[in-house]
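Remarks on the overall topology
Spelled out from the first residue to the last, the chains are:
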Amino acid sequence: MTATRLGWISAARHVASYSAGQLAGTVIVTRSLGYRVPIGALLAGAGINGFTHLVIDKRQPLLWLASQAGKGGYVDHCTVVRNIDEKGTVQVESSGPGSAAFELDQALHRAIGVGAALVTSWLTLRSTRKGRA
């Protein structure tokens, strides 16, 4: 198995478990508040969030998007130093917390999460108006 394939499998497992937790939490909270969100609306929002989560976490599309937005220099230069080896050489991290890649990752996750929530809400309201709730 190649490292790339293993990476995609690991990312898919992470996204599947994360999405399952989000769905469970959404159902628990909405039902405890007395709301019944249609399964189609829940799955649409979770699908948007899950697919984009997978793509963002693989980093290459995120870095491409940043370069297209003119933020390539930001990504290249906003790095973090966490370790210095025995020879005194600085080990630069380009994707951990505090780096541009990490911050862009988190910002995009939040923005897409809001979008997915809006889609879920819109579909729920639409089905409620049509009497399908």
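Calculation criteria
Residues numbered from 1 in each chain as written. Predicted model: local features only at pLDDT ≥ 70, side-chain atom pairs only at ≥ 80, totals over all residues. Heavy atoms only, no water. Helix = DSSP H or I, 4+ residues; strand = E, 2+ residues; numbered from the N terminus. Buried < 20%, exposed > 50% of the residue type's maximum accessible area, 1.4 Å probe, protein only. Contact = heavy atoms within 4.5 Å. Lys, Arg positive; Asp, Glu negative; His and termini not counted. Charge placed at Lys NZ, Arg CZ, Asp CG, Glu CD. Salt bridge = Lys/Arg side-chain N within 4 Å of Asp/Glu carboxyl O.

1. Points about the overall build of the chain
- Along its length, the chain carries five helices and two strands.
- Taken from the N to the C terminus, the helices and strands of the chain come in the order α-α-α-α-β-β-α.
- Seen through its C-alpha atoms, the chain measures out along the principal axes to roughly 70 × 35 × 30 Å.
- Burial status across the chain gives 23% buried among its 133 residues.
- Restricting the contact set of the chain to residue pairs at least 6 apart, pairs at least 24 apart contribute 56%.
- Across the chain, the mean location of the 14 positive side-chain charges is 22 Å away from that of the 7 negative side-chain charges.

2. Topic: unusual backbone geometry
- Of note in the backbone geometry, Arg-59 takes a positive phi value of approximately 75° without being a glycine.
- Structurally, the position occupied by Arg-59 is in the loop between α2 (39-57) and α3 (60-68).

3. Re the environment of Leu-33
- Position of Leu-33 relative to the elements: it lies in the loop between α1 (3-32) and α2.
- According to the relative accessible area criterion, Leu-33 is exposed, its value standing at 60%.
- Measuring from C-alpha to C-alpha, the distance between Leu-33 and His-77 comes to 46 Å, with 44 residues separating the pair along the chain.

4. Remarks on the pattern of salt bridges
- Applying the stated criterion to the full structure yields two salt bridges.
- One salt bridge in this structure joins Arg-59 and Asp-105, with 2.7 Å as the shortest N-O distance. Of the two residues, Arg-59 sits in the loop between α2 and α3 while Asp-105 sits in helix α5 (residues 100-129), which places them 46 residues apart along the sequence. As far as the burial class goes, Arg-59 and Asp-105 line up, both buried.

5. Quick word on the environment of Gly-98
- With respect to the helices and strands, the residue Gly-98 is situated in the loop between β2 (90-93) and α5.
- For Gly-98, the residues in contact, after removing those within four places along its chain, are Cys-78, Val-80, Arg-82 and Glu-103.

By themselves these figures say nothing about function.
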